[in-house]
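A structural walkthrough
Below are the chains, spelled out letter by letter.
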Amino acid sequence: PLYPYGYNNRGALWNIAGEPRKALPEFNKAIELDPKNPNFLSNRGATWDKLGDQSKALADYNEAIRLGPLTSHAHMGRATILVDRGDYKNAIADNTEAIRIEPDDPKIFNNRGVAWLKLKDYSKAMADFDAAIKIWPTFPMALMNRGTVWNALEKYDRAIADFDLALRRTPEFPAALAGRAFAWSVKGDLDKSIADYSEAIRLYPDYGTYYLDRAEVWRRMGMLAAAKDDKEYAYRLDPSLKPAQSK
């Protein structure tokens, strides 16, 4: 009963099962028994993040890194929170350190690529997504993110090819559907764009941006009533989408 790794392992199993509230006391007990174990702190940090408490997650990640600088999981976790908070440069630094520790983990390259993408440094983002895909050729998230870069670079056929690959691996992937829908719309294939936006909305019905983007395609097709309905529904879901002069 006083074996800290047993509590840690049980906490990890609760997290895998989608039960972070049950995982938390297990990690608390593991840390009580071994307070200087960076892996236990990192695991609790991830649990706090799942529970929506980023401040406590950061505190655990910071302490884990202080105790064990080679804890790639803590660097990755902290970087994810930093991206959420808009601190992209420090997120890149954390992911770079995590890559130094675990150079064959495609998820870290993908995560760093997201931070570069947020900074609109498309060449560095592309390099990281390419590296992730080289390690894991069917990695859906990296394929979707690389497709997003291709869209930003106005290389729409390449974007569609990456979104297709992502969706082949994960058919119910709203972000990939929406990215492909945008590419179809720019290429003028409005029926395919509507179909992809509609499927993205079916999978993620509470995301206002998808309705707003579909409204623009309806408008281009001359379906003004459908466009009006989508736009109004988008504003109800997310009032921040409403143009300033209309608020």
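Before any of the text, the structure's been laid out above.
Residues numbered from 1 in each chain as written. Predicted model: local features only at pLDDT ≥ 70, side-chain atom pairs only at ≥ 80, totals over all residues. Heavy atoms only, no water.

**Describing the overall build of the chain**
The number of helices and strands found in the chain is 14 helices and zero strands. The order of α-helices and β-strands along the chain, N terminus first, is α-α-α-α-α-α-α-α-α-α-α-α-α-α. Taking all contacts inside the chain whose residues are at least 6 apart in sequence as the whole, residues at least 24 apart take part in 43%. As presented, the chain carries roughly 13,100 Å² of accessible surface, and 54% of it is formed by carbon and sulfur atoms. (Helix = DSSP H or I, 4+ residues; strand = E, 2+ residues; numbered from the N terminus. Contact = heavy atoms within 4.5 Å. Areas by Shrake-Rupley, 256 points an atom, 1.4 Å probe, with all protein chains shown as cover.)

**Some points on the packing of helix H2 (residues 20-33) against helix H3 (residues 38-50)**
Two numbers describe how H2 lies on H3: the axes approach to 9 Å, and their chain directions differ by 155°. Between H2 and H3, the crossing angle belongs to the class labelled roughly antiparallel. As H2 runs across H3, the sense of the crossing is left-handed. Only Phe 40, Leu 41, Asn 43, Arg 44, Thr 47, Trp 48 and Lys 50 of H3 make contact with H2, whose side of the interface consists of Pro 20, Ala 23, Leu 24, Phe 27, Asn 28, Ala 30 and Ile 31. (Axes fitted to C-alpha atoms, helices over the stretch in contact; angles between N-to-C directions. Parallel < 35°, antiparallel > 145°, perpendicular 65-115°, else oblique. Left-handed = near helix turned anticlockwise from the far one by under 90°.)

**Let's talk about the environment of Ala 183**
Here Ala 183 shows up in helix H11 (residues 174-187). Look at Ala 183 and you get buried, because its relative accessible area is 0%. Once the C-alpha coordinates of Ala 183 and Asp 157 are considered, the two residues, 26 residues apart in sequence, prove to be 7.7 Å apart. With residues up to four places along the chain from it excluded, the contact list for Ala 183 reads Asn 151, Tyr 156 and Ile 160. (Buried < 20%, exposed > 50% of the residue type's maximum accessible area, 1.4 Å probe, protein only.)

**A word on the pattern of salt bridges**
If you walk through the whole model with that rule in mind, you get 20 salt bridges. Residues Lys 124 and Asp 121 are paired through a salt bridge, measuring 4.0 Å at the closest nitrogen-oxygen approach. Here Asp 230 and Arg 214 are joined by a salt bridge, their closest N and O atoms 2.6 Å apart. Of this pair, Asp 230 sits in helix H14 (residues 224-237) while Arg 214 sits in helix H13 (residues 208-220), and the two are 16 residues apart along the sequence. The residues Asp 230 and Arg 214 share a single accessibility class, namely buried. In the salt-bridge network here, residues are joined through shared partners; they are Asp 130, Arg 146 and Asp 162. (Salt bridge = Lys/Arg side-chain N within 4 Å of Asp/Glu carboxyl O.)

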